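Coordinate analysis (summary)
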Amino acid sequence: MGNDKKKIVFLTGAGMSAESGIKTFRDTNGLWENYPVMDVASADGFARNPALVHQFYNMRRADLLKAQPNDGHRLVAELEKDYDVYVITQNVDNLHERAGSSNVLHLHGELMKVRALDDESKVYELKPEAIETTPETIIDGHHVRPHIVFFQEAVPMIEPAIDIVKQADIVVVIGTSLVVYPAAGLLSFAPPSARLFYIDPNPAVVPNRVNVIKKGASEGMKELIKQL
Ligand code: OAD
């Protein structure tokens, strides 16, 4: 802040990256249809079978390395010319950053990172070449886990995310089914004066004051820019 640019906050979900070839979770043939979520993405699942969880996230990393940001990500980044842009994403990919967005808050962690089980503050960025083979489970002598917020775990970044949404002039939700809390509740922290938009080809039910753009992320962003 510290300038008079309007503050626009994007709340993004898996649909933001769908056009980059990253699978969503709950659409037909989505990830949770093929992998039981409580096996591969929960604290209990990791305690039961860490190898399976490491393998699942390594497959996601391999998919991510093949993916490129789409026009939707790029248009979000380009808005920094005229707005103070904040991206709060549920996505664990790094496509917003690779498209040029400067302020990206990851609510559910980051795919390309792991952290030590015995010291949460030790976070390691994985090298792309490490993804090709078996997942690294020990780094610098520490057993590591994906730097991902599993189901059954707290979402430590929710408080800073709420503070950002509370100061927004415009909030734009893109590509999320709005079923996973606390992320799904963020929109309700927008000030009454804020303009609200929701870009999704198959949108969830949202309050009347939200302007729904029933399109994919790239086309939806073009439409949003016309309406801003
Ligand atoms: P979902 O898979 O639940 O929802 C994806 C949304 O993207 C749906 O509303 C689709 O209609 C929409 N969509 C599909 N194609 C799109 C496109 N081309 N452009 C824009 N939108 C499109 O994914 P999330 O809501 O992100 O958490 O899921 C929330 C969390 O549940 C994830 O962060 C993940 C998951 O379990 C963890 O793993 C912690």
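Here's a quick rundown of the structure. Just so we're clear, the structure is a prediction, and the values are computed from it rather than from any experiment.

1. What about the site of the ligand?
Every one of the 23 residues lining the ligand counts as a neighbour, but Ala14, Arg26, Thr176, Ser177 and Asp200 are closest to it. In the model, a nitrogen atom of the ligand is placed 3.2 Å from a nitrogen or oxygen of the Gly15 main chain. Separating an oxygen atom of the ligand from a side-chain N or O atom of His108 is a distance of 2.8 Å. Protein chains bury 93% of the 800 Å² of accessible surface belonging to the ligand in isolation. The residue inventory of the shell around the ligand, partitioned by class, reads 9 nonpolar, 10 polar and 4 charged.

2. Side note on the side chain of Ser42
Residue placement: Ser42 occurs in the loop between helix H2 (37-40) and helix H3 (43-48). For Ser42, the side chain forms a polar contact with the main-chain oxygen of Met38, separated by 2.6 Å. Among the polar contacts listed, one links the side chain of Ser42 to the backbone nitrogen of Gly45, at a separation of 2.8 Å. Setting aside residues no more than four positions away along its own chain, Ser42 makes contact with Val37, Phe150, Phe151 and Gln152.

3. Structural notes on the nonpolar core
Counting residues in hydrophobic clusters, the biggest one holds 26 residues, and the most contacted among them are Val9, Leu11, Ile88, Leu107, Val165, Val171 and Leu186. At the level of elements, strand E1 (7-12), strand E2 (84-89), helix H8 (158-166), strand E8 (170-174) and strand E9 (195-199) are the ones that each hand at least two residues to this core. Val171 has contacts with Val9, Leu11, Val165, Leu187, Ala190, Arg195, Leu196 and Phe197, leaving out every residue within four places of it along the chain. Counting 22 residues, the second-largest nonpolar core is a separate cluster that includes Ile22, Val53, Val114 and Ile131.

Cut-offs used in this document
- Residues numbered from 1 in each chain as written.
- Predicted model: local features only at pLDDT ≥ 70, side-chain atom pairs only at ≥ 80, totals over all residues.
- Heavy atoms only, no water.
- Near = heavy atom within 4 Å.
- Polar contact = N/O pair within 3.5 Å; in protein donor to acceptor, adjacent residues only side chain to side chain.
- Areas by Shrake-Rupley, 256 points an atom, 1.4 Å probe, with all protein chains shown as cover.
- Nonpolar A, V, L, I, M, F, W, Y, C, P; charged D, E, K, R; others polar.
- Helix = DSSP H or I, 4+ residues; strand = E, 2+ residues; numbered from the N terminus.
- Contact = heavy atoms within 4.5 Å.
- Core = buried A, V, L, I, M, F, W, Y, C linked by side-chain atoms within 4.5 Å.
- Buried < 20%, exposed > 50% of the residue type's maximum accessible area, 1.4 Å probe, protein only.

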